[in-house]
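The residues making up each chain are set out below.
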Amino acid sequence: MDYNQGATMPFGNTHNQMKMNYSAEQEYPDLSKHNNHMAKVLTPAIYDRLRSKQTPSGFTLDDVIQTGVDNPGHPFIMTVGCVAGDEETYEVFKELLDPVIEDRHGGYKPSDKHKTDLNPDNLKGGDDLDPNYVLSSRVRTGRSIRGFCLPPHCSRGERRMVEKLSNEALDSLTGDLKGKYYALKNMTDAEQQQLIDDHFLFDKPVSPLLLASGMARDWPDARGIWHNDNKTFLVWVNEEDHLRVISMQKGGNMKEVFNRFCTGLTKIESLFKEKGHEFMWNEHLGYVLTCPSNLGTGLRAGVHMKLPNMSKHAKFEEVLKRLRLQKRGTGGVDTAAVGGVFDISNADRLGFSEVELVQMVVDGVKLLTEMEKRLEKGQSIDDLIPAQK
Amino acid sequence: MSETVAVSETEDVLERASTTMSDKVENICHAMAQLTLREWSAEDEFPDLSQHNNLMAKHLTTDMYSRLRKRVTPTGFTLDRVIQPGVDNPGHPFIMTVGCVAGDEETYEVFKELLDPVIEDRHGGYKPSDKHKTDLNPDNLKGGDDLDPNYVLSSRVRTGRSIRGFCLPPHCSRGERRMVEKLSNEALDSLTGDLKGKYYALKNMTDAEQQQLIDDHFLFDKPVSPLLLASGMARDWPDARGIWHNDNKTFLVWVNEEDHLRVISMQKGGNMKEVFNRFCTGLTKIESLFKEKGHEFMWNEHLGYVLTCPSNLGTGLRAGVHMKLPNMSKHAKFEEVLKRLRLQKRGTGGVDTAAVGGVFDISNADRLGFSEVELVQMVVDGVKLLTEMEKRLEKGQSIDDLIPAQK
């Protein structure tokens with residue numbers, strides 16, 4: 001038998017020809033103990049209609065949902081439970097992903113349009129968040145390079161090309177943004193220690209959500225970290241997305257952080273365009289990233305701030321909700337607050353522009369600082385409670 | 001350089017597909033055949049194996065990669081899937097792992113250019129032209145019912161089996177895995193007498209059942225071994241996984257863990273003959289129950305029983321004892337004696353564990369190229385000799401005259 005059938009790689013884990021010999025019912029995953037967006041939306045009927053489809057690069061429904069099948073989730077934390085393997089995933093599997101997106105992104109409809117605004121001049125204020133309370137400011141997002149498969153599905157050749165192209169773009173940055181790339185696999189011990197001390201180094205994904213989606217394949221091949229000399233602008237290459245871009249500094253000058261963020265991103269984008277590459281973007285979903293939770297802006301702008309009094313107030317959660325903010329511990333998602341210091345950031349990603357989201361953080365942090373000061377003095381904050389944004 | 005599939009090849013694919021698979025599968029084959037190979041050369045795609053020490057890394061060359069990357073098994077398993085565990089797990093200077101897995105029976109044929117040298121290296125020079133003998137007749141075992149229980153604490157024989165026509169754990173779909181579970185259950189439910197038992201599905205287990213299985217040391221964990229995780233064997237856990245055992249707890253079957261079936265016969269003490277009897281009787285009975293339903297085990301005269309990991313080909317058999325060797329294990333010639341007897345030692349926690357209290361797990365080192373009876377005979381004879389040696393050393397006597405020749 002001739003097995004030279006022009007196989008194309010990469011295939012997803014689940015590109016198994018035999019499964020079509022079984023009915024949809026026989027193949028449908030057991031989601032009875034599951035609590036994630038995928039499990040909430042995926043009915044046997046949807047599974048039946050989508051299971052024979054694949055994207056042009058070969059990503060299948062089972063590939064999309066595997067992470068949600070393998071990670072049932074938690075009653076209190078609603079994970080997404082699906083990933084994209086390429087840009088077309090969001091189109092081919094829209095019957096599943098549109099409801100997931102709507103549920104995750106506050107009712108965002110398939111017909112809605114997303115605004116991109118990376119003009120930092122449109123941000124009002126934000127240069128004077130009180131450094132007695134605001135310890136550090138940070139903005140991050142992700143970007144995908146059009147024409148390449150995403151981390152769950154990319155081949156080694158693709159991943160290496162993403163690294164190469166990213167390096168060429170980043171190497172061209174000048175001035176405040178001038179920096180250096182540290183490939184994970186070539187790192188010296190000294191470099192590694194420095195990156196750990198700077199809190200820049202990312203670990204091999206251990207999150208079961210990521211492992212189940214195939215993002216850790218071939219680690220650490222073509223993964224690396226780039227940062228500027230000042231250590232205020234950082235890019236992760238081939239971790240959970242092609243690129244993760246981070247601007248940060250100590251203190252409360254969010255405006256400066258956001259300026260650098262926009263300048264850097266815009267410069268990187270134009271450098272890619274000079275070489276004939278662009279970022280995945282469309283007017284409905286905005287920037288296209290691996291996880292549906294990061295669509296739109298992919299932006300999380302946040303501060304580490306001291307709120308020892310406010311955080312004990314009965315209305316803390318309600319205030320955050322109305323300000324469209326969320327709190328985390330200072331270790332990032334799923335960590336606890338230490339010493340009354342919280343990570344406060346925008347809750348939304350899609351349906352608001354970058355400027356709008358950073359504005360919410362700036363305005364919200366100012367209000368929270370006010371409230372904290374009042375509570376310190378034993379005064380009421382009732383008149384400060386905001387309306388729902 | 002892009003490589004597009006020629007139209008005639010597509011037609012061949014469709015013709016083959018339509019004679020053996022449903023229309024839906026045919027559509028997928030067609031789509032696959034139409035896909036253009038990316039403009040990535042073999043060099044672009046070849047994994048970085050510079051830090052690696054495993055059999056896959058030892059044998060996979062760029063040329064081989066370039067030829068094999070164009071191939072695919074009928075169920076869609078590719079070279080990258082075969083080698084992914086070895087790429088993701090560089091290995092250890094002292095422990096040579098295999099670094100590749102099969103996704104279906106045809107993997108061993110389609111990717112023989114890589115797997116034959118890996119098999120030869122792993123299985124003591126076993127050649128592509130060699131034939132493997134299967135012998136599951138326990139009457140052919142000489143002795144083995146009287147290993148000294150002052151030294152031999154327990155005896156155990158295990159192997160694996162794959163059901164022909166289904167993909168293996170790295171690649172199987174949920175529907176296939178569930179069917180393997182169903183067929184296995186039907187076969188095991190039909191067992192009678194000493195072998196009569198019960199199935200415990202992992203996902204339905206009560207706390208009490210789980211605790212009992214843990215206490216019996218029967219329960220298997222979700223794979224945490226990075227080798228297994230990288231191959232895709234943990235997908236959909238715990239769906240369609242379970243443990244079956246007989247009422248006496250001397251015959252145990254794991255369903256859909258690292259292989260379709262793992263079959264274990266065990267008991268306390270040194271009656272390896274009884275353990276092997278039960279093993280052969282149970283396996284033979286299970287095989288005939290499958291055949292009654294029109295299913296058979298994956299087997300061929302070159303590779304014997306076909307399993308997920310190339311290290312388990314042939315018999316897939318590991319027969320062993322837990323035995324006390326506090327003196328022998330300190331002897332300078334311990335390793336050499338084991339080597340000559342074609343045995344290996346492990347700690348009592350299994351592979352990659354340390355010995356506790358001078359108690360070792362002693363088992364056959366070979367899997368392929370020897371029959372089941374031959375391997376168990378090696379263990380029986382070897383354990384008898386080791387017991388002799390231990391007794392001599394206890395009395396402060398020499399063991400020089402007992403050192404065996406290389407088997």
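Chains are numbered independently. Their residues run from 1 in the order of the written sequence. Chain A is the first chain written and ligand 1 is the first ligand written, with later ones labelled in order. Under the rules for a predicted model, residues below a pLDDT of 70 receive no local features and side-chain atom pairs below 80 are neither given nor counted, while totals for whole chains, interfaces and linings still include all residues. To get the side-chain values, all heavy atoms of the structure are used, and hydrogens and water are removed first.

Looking up chain B in an unreviewed UniProt entry gives the name creatine kinase, with the organism given as Oryzias latipes. UniProt positions are given in the numbering used here, feature names are shortened, and annotations may be inferred rather than shown by experiment. Its UniProt record gives chain B a comment under Catalytic activity (unreviewed entry), which states: "creatine + ATP = N-phosphocreatine + ADP + H(+)". Turning to chain B, the UniProt annotation filed under Sequence similarities (unreviewed entry) states: "Belongs to the ATP:guanido phosphotransferase family."

Going by the annotation in an unreviewed UniProt entry, the name recorded for chain A is creatine kinase, with Oryzias latipes given as the source organism. Taken verbatim from the UniProt record of chain A, the Sequence similarities (unreviewed entry) comment is "Belongs to the ATP:guanido phosphotransferase family." Here is the UniProt Catalytic activity (unreviewed entry) comment for chain A, exactly as written: "creatine + ATP = N-phosphocreatine + ADP + H(+)".

Caption draft 1: Quick look at the side chain of Asp221(A). Helix and strand assignments follow DSSP, with helices taken as H or I runs no shorter than four residues and strands as E runs no shorter than two, numbered in order from the N terminus. Along the polypeptide, Asp221(A) turns up in the loop between α9 (208-213) and β3 (224-228). Relative accessibility decides the category of a residue: with a 1.4 Å probe and only protein chains considered, values under 20% of the type maximum give buried, values over 50% give exposed, and everything between is partly exposed. With relative accessibility at 5%, the residue Asp221(A) sits in the buried group. Residues contacting Asp221(A), with those up to four places away along its chain left out, are Arg156(A), Arg159(A), Arg160(A), Lys185(A) and Asp48(B). Working rule for contacts: check all heavy atoms of both residues, and any pair within 4.5 Å makes them a contact.

Caption draft 2: Highlighting the sheet that holds strand β8 (residues 318-324) of chain B. Residues and elements named next belong to chain B. An order of β2-β3-β4-β5-β1-β8-β10-β9 is seen for the 8 strands of this open sheet, with the pairing classed as antiparallel. The open sheet terminates on both sides in strands that have one partner only, identified here as β2 (197-201) and β9 (343-346). Across the sheet, the axes of successive neighbouring strands diverge by a mean angle of 20°, strand direction being ignored. Any two strands between which DSSP finds at least two bridges are classified as paired. Here 5 bridges tie β2 to strand β3 (residues 242-246), and the two strands are oriented antiparallel to one another. The residue bridging Gly197 from the neighbouring strand is Asn246, located in β3. To define axes, lines are fitted to C-alpha atoms, for helices over the stretch in contact only, and angles between the resulting N-to-C directions are given on a 0 to 180 degree scale.

Caption draft 3: Fine view of the domain arrangement of chain B. All names here are of chain B. Just so you know, the domain bounds were taken from an automatic or database domain assignment. Taken domain by domain, chain B holds domain 1 (4-123) and domain 2 (138-395). Tallying the contact residues gives 23 residues for domain 1 and 24 residues for domain 2. Take a side-chain nitrogen of Lys or Arg and a carboxyl oxygen of Asp or Glu: if they are within 4 Å of each other, that pair is a salt bridge. Linking domain 1 to domain 2 there are 1 salt bridge. Close ionic contact of Glu105 with Arg164 constitutes a salt bridge, the shortest N to O distance being 2.7 Å. The definition of a polar contact used here is a pair of N or O atoms within 3.5 Å, where within protein one atom must be able to donate a hydrogen and the other to accept one, and adjacent residues in sequence count solely through side-chain atom pairs. On inspection of domain 1 and its partner domain 2, the count reaches 8 residue pairs in polar contact (both at pLDDT 80 or more).

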